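Results of the structural survey
Here are the chains, one letter per residue:
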Amino acid sequence: MSGTGFAPFTATIDKTNRMLHEIEEAFGWPRERRNQSYAALRGVLHALRDRLTVHEAAQLGAQLPMLVRGVYYEGWRPADVPIKMHHDEFVGRVRHDFVYDADVDEVVRTVLKVLRAHITEGEWEDVKASMPKDLAGVMP
């Protein structure tokens, strides 16, 4: 547990670290590669956010830990969404943001699986329902 002296900050740091650790664990990355797990999370979050309508993006964002929510909304331009992306465009968008040597399809699947574990079933089903079939098919 990270001690910030302020319970809400400590909780969001712990939840964020847990999500990053889950990504690292799935790939066998050591904690020293935290920049890589962060880039994976950030890239998938931004592609997902930009594929959703403003309303659905806000509903998903409300379920994220406070620190992850800040990453999620960083650079968001609500007037420019949703950006229509099918699977290949979505993966290409993540590849653009994720500059590390890894299978980006696997990065997308892994991060989506980690996100799914932290989002209510009803909200996750709403997110999946708003995706094109080829992209929804890779979502857990």
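The coordinates are above.
1. Considering the overall build of the protein
- Broken down by element type, the protein carries eight helices and zero strands.
- Counting from the amino terminus, the protein carries its helices and strands in the arrangement α-α-α-α-α-α-α-α.
- At 15 Å, the protein has a C-alpha radius of gyration in line with the 14 Å of a compact globule built from 140 residues.
- The principal-axis extents of the C-alpha atoms in the protein amount to approximately 40 × 30 × 25 Å.
- The buried share of the protein, taken over its 140 residues, is 43%.
- Long-range contacts, defined here as pairs at least 24 residues apart, represent 64% of the contacts in the protein between residues at least 6 apart.
- For the protein, the computed accessible surface area is about 7,300 Å², with 54% contributed by carbon and sulfur atoms.
- Charge separation in the protein, taken as the distance between the mean sites of 18 positive and 21 negative side-chain charges, equals 3 Å.

2. Remarks on unusual backbone geometry
- Cis geometry marks the peptide bond from Val81 to Pro82, where omega comes out at 5°.
- Among the secondary structure elements, Pro82 is positioned in the loop between helix 4 (66-73) and helix 5 (87-97).

3. Structural notes on helix 7 (residues 121-129)
- Among the residues of helix 7, those classed as buried are Glu123, Trp124 and Val127. Projected down its long axis, helix 7 shows its buried positions confined to an angular sector of 100°, all on one face. Opposite the buried face of helix 7, by more than 90 degrees, sit the exposed residues Glu121 and Ala129.
- Contacts made by the buried residues of helix 7 are with helix 2 (34-51), helix 3 (54-61) and helix 6 (104-116).

4. A word on the side chain of His46
- Locating His46 in the fold gives a position in helix 2.
- Polar contacts involving the side chain of His46 include one to the main-chain carbonyl oxygen of Val71, which spans 2.7 Å.
- Non-local contacts of His46, meaning those with residues more than four positions away in its chain, are made with Val71, Tyr72, Glu74 and Arg93.

5. Focus: the nonpolar core
- In terms of nonpolar packing, the biggest core is built from 40 residues, with Leu41, Leu48, Phe98 and Leu115 touching the most fellow members.
- Those elements that place two or more of their residues in this core are helix 1 (7-27), helix 2, helix 3, helix 4, helix 5, helix 6, helix 7 and helix 8 (133-136).
- The residues touching Leu115, leaving out its near neighbours within four places in the chain, are Met19, Leu41, Val44, Leu45, Leu48, Leu64 and Trp124.

6. Thoughts on the environment of Met19
- If you trace the backbone, Met19 turns up in helix 1.
- Separated by 99 residues in the primary sequence, Met19 and His118 place their C-alpha atoms 8.5 Å from one another.
- Not counting residues up to four positions away in its chain, the partners in contact with Met19 are Leu41, Pro65, Val68, Val114, Leu115 and His118.

7. Focus: the side chain of Glu56
- Here Glu56 is to be found in helix 3.
- Salt bridges are absent for the buried Glu56, whose nearest opposite-charge side chain, Arg51, sits at 11 Å.
- Apart from the residues lying within four places of it in its own chain, the contact partners of Glu56 are Glu123, Asp126, Val127 and Ser130.

Reading the values: rules and limits
Residues numbered from 1 in each chain as written. Predicted model: local features only at pLDDT ≥ 70, side-chain atom pairs only at ≥ 80, totals over all residues. Heavy atoms only, no water. Helix = DSSP H or I, 4+ residues; strand = E, 2+ residues; numbered from the N terminus. Rg over C-alpha atoms; globule rule 2.2 N^0.38 Å. Buried < 20%, exposed > 50% of the residue type's maximum accessible area, 1.4 Å probe, protein only. Contact = heavy atoms within 4.5 Å. Areas by Shrake-Rupley, 256 points an atom, 1.4 Å probe, with all protein chains shown as cover. Lys, Arg positive; Asp, Glu negative; His and termini not counted. Charge placed at Lys NZ, Arg CZ, Asp CG, Glu CD. Arc of directions from axis to C-beta. Polar contact = N/O pair within 3.5 Å; in protein donor to acceptor, adjacent residues only side chain to side chain. Core = buried A, V, L, I, M, F, W, Y, C linked by side-chain atoms within 4.5 Å. Salt bridge = Lys/Arg side-chain N within 4 Å of Asp/Glu carboxyl O.

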